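# A structural walkthrough
Chain residues, written in single-letter form:
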Amino acid sequence: MTLALERQPGIETEAPTPRGGAFRKLMANPSAVLGLSIAAVCIGCALFAQWIMPFDPLKPNYALIRKPASALHWLGTDELGRDILSRLILGARTSLSAGLVSAGIAVGVGSFFGVLAGYIGGTVDIVISRVADALLATPFLIVAIVLATFLGPSLANAMIAIGLAAAPVFTRIARAQVIDIKATDYVESARALGFRDWRIVVHHILPNIAAPLIVQATLTMAQAITAEASLSFLGLGEQPPIPSWGAMLNSAKSYLTQAPGMSLWPGLAIFLSVLAFNLIGDALRDALDPRQE
Amino acid sequence: MSGVIPYVVRRALTALPTIAIFACFVFLLQKLLPGDPVLAMAGEDRDPATIAALRLQYHLDDPLPLQFLHWAKGALAGDLGESLRNHDTVIHLIAQKLPVTIELALLSTLFSLLIGIPAGILAAAKKGSVWDNLARGVALWGVSIPTFWFGIVLIIIVSVNLQWLPASGYASIAEDPWQNIRTMILPAFVLGNAQAGILMRHTRSSMLEVLRQDYVRTARAKGLSEMRVVMAHAFRNALGPLVTVTAVLLGQLLAGAVLTEQVFSIPGFGKMLVDAVFNRDYAVVQGVALCTGVGFIVLNLLADIAQLLLNPRLRAS
């Protein structure tokens, strides 16, 4: 039955935008290439941290407290004499995993409710949309801070808080897309052929609403990295001695006059990784939906 | 104008369920806390009579919906609980701190308007040029740079090295206006910089949309100068959506203020939230969340109404 439906002319199950063309467009965009290169360096640091860190990032060395950059410690040492470069490299793992997991939670939870609201409609739609509106009513970071406070300080709770705070955007996008696609011929045909709802959603709706969700997910990665750094800066994220860029910045804040370099590097790392995902997100949007430009 | 009042009433009514659901969330937050709150309140004194009295006082034996109604009734009357740290009412603390943050938010908005709108107009008017790329680069910088780090970098350069402005502290505008401006410039610039990027992007896309319209082409064909076409014909019509964006950004500034006030030690609403987070002063955190949410919903409502008043086509429809 599925094959018969898929082979009928005019009843397309693929999105109208050719994905291969989108990829070529993405790779032809210098901003995307820059973003992908920076992201690749960050991901490389996160994945291979234990092999590339020059020193143990957790071991204090009280003889080398707050030393400036040198041939031995390229970016200097922190308030406990730990190598800043090694801590930055391991911090990439915290920041990127927080970004990835939070964006994953946001996409999963948000899209699930968005598809439910758009596909079922009626009271379910009204209730879900109102709840999403209420959550969107407050700035994302405030929701994340408040949720993380009540859940307790830890990286896992910070990721849950950020993911849940970012989810309503996906609910809104998925709902609007599903309402559009629900009315198309191929979904009507699948329904007329007696396909189960879950099958229609998984095989015919989800592939066609993926593009805007992927774009938003990339931009959410950037938001989530900033949010994790902000929560760690406030002591609500990763707990010491495990390094995170936000927490490194928080401890560096106390030594602005004695060791200004301490606050330069973690901030630069946050900036570059956020910039990378913003560049990729913007380029993806242009490649997948040129109308938005 | 006759259609405006019913619209305002309708729009205000749609905001009410949003506020109610948001209040539900804020109420449910305290249920996320581990352990029995009454045992924490009773402290060392675990006398059953004291515990029973506390349960009765806080309606903790009632079903959850009833507990919410009691809490909501209190919140509507301005009773948001008491700070564990300061032993003061949450509403009084908020009333004390909010003016500082409002001043910071207004100054930041001024910065963001001064940077974002001219940059957006220039980028749209010279689309594809160096100016456009430069403005888009500045926008990307604004949305990517973490405000708390930018604040720290500016403190190192402007306050520590150049010693032009104080690194932290606050003076009330009524007591010492000059010192107030000196302490607020850096944090306002830091916050405004982040918002300017977003405002620039919206201005650019709104202007590009308007510049494609027939009446702009007609204005050019009539021989009007490009400056007059862009400012008098295009910008005036692009202004409507920008009012909404600015109002939303003003609300977003509250979130930015949380970290900026912490970096610059400004005793505002945001720093109060951070201090409450550090001290696990849950009533204050809850009160701040509720006020921020309601404030944000009201700002959105006002922005919608302003857009309606500014745009005759919306009024007609």
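Just so it is clear, the structure is predicted and the values come from calculations on it, not from any experiment. (Residues numbered from 1 in each chain as written. Chains lettered and ligands numbered in written order. Predicted model: local features only at pLDDT ≥ 70, side-chain atom pairs only at ≥ 80, totals over all residues.)

All names here are of chain B. The domains assigned to chain B are domain 1 (4-76) and domain 2 (97-316). Computed from C-alpha coordinates alone, the two centres of domain 1 and domain 2 are separated by 34 Å. Domain 1 puts 15 residues into the contact, and the matching count from domain 2 is 13 residues. For the side of domain 1 that touches domain 2, the element with the highest residue contribution is helix H1 (residues 4-29), accounting for twelve residues. Looking at the side of domain 1 that touches domain 2 residue by residue, the classes come out as twelve nonpolar, two polar and one charged. (Domains from an automatic or database assignment. Contact = placed C-beta atoms within 7 Å. Helix = DSSP H or I, 4+ residues; strand = E, 2+ residues; numbered from the N terminus. Nonpolar A, V, L, I, M, F, W, Y, C, P; charged D, E, K, R; others polar.)

With that settled, the discussion passes to the packing of helix H5 (residues 90-125) of chain B against helix H6 (residues 130-144) of chain B. Residues and elements named next belong to chain B. Two numbers describe how H5 lies on H6: the axes approach to 8 Å, and their chain directions differ by 140°. Crossing of H5 against H6: the hand is left-handed. Listed contacts from H6 to Ala 119, Gly 120, Leu 122 and Ala 123 of H5 are Trp 131, Asp 132, Ala 135, Arg 136 and Val 138. Partitioning the contact of H5 with H6 into residue classes produces six nonpolar, one polar and two charged. (Axes fitted to C-alpha atoms, helices over the stretch in contact; angles between N-to-C directions. Left-handed = near helix turned anticlockwise from the far one by under 90°.)

Residues and elements named next belong to chain A. Between helix H7 (residues 140-151) and helix H10 (residues 197-233), the shortest axis-to-axis distance is 11 Å and the interhelical angle comes to 45°. When the axes of H7 and H10 are compared, the pair comes out oblique. As for how H7 packs across H10, the hand of that crossing is right-handed. When H7 is examined against H10, the residues Phe 140, Leu 141, Ala 144, Ile 145 and Ala 148 are found in contact with a partner set consisting of Gln 223, Ala 227, Ser 230 and Leu 231. (Parallel < 35°, antiparallel > 145°, perpendicular 65-115°, else oblique.)

Moving on, we get to the interface of chain A and chain B. Each partner contributes to the interface: chain A provides 34 residues, whereas chain B provides 36 residues. Among the secondary structure elements, those contributing two or more residues to the side of chain A that touches chain B are helix H6 (122-136), H7, H10 and helix H12 (261-288) of chain A. With eight residues, the top contributor of residues to the side of chain A that touches chain B is H7(A). Here the residues of the side of chain A that touches chain B are counted per class, giving 22 nonpolar, nine polar and three charged.

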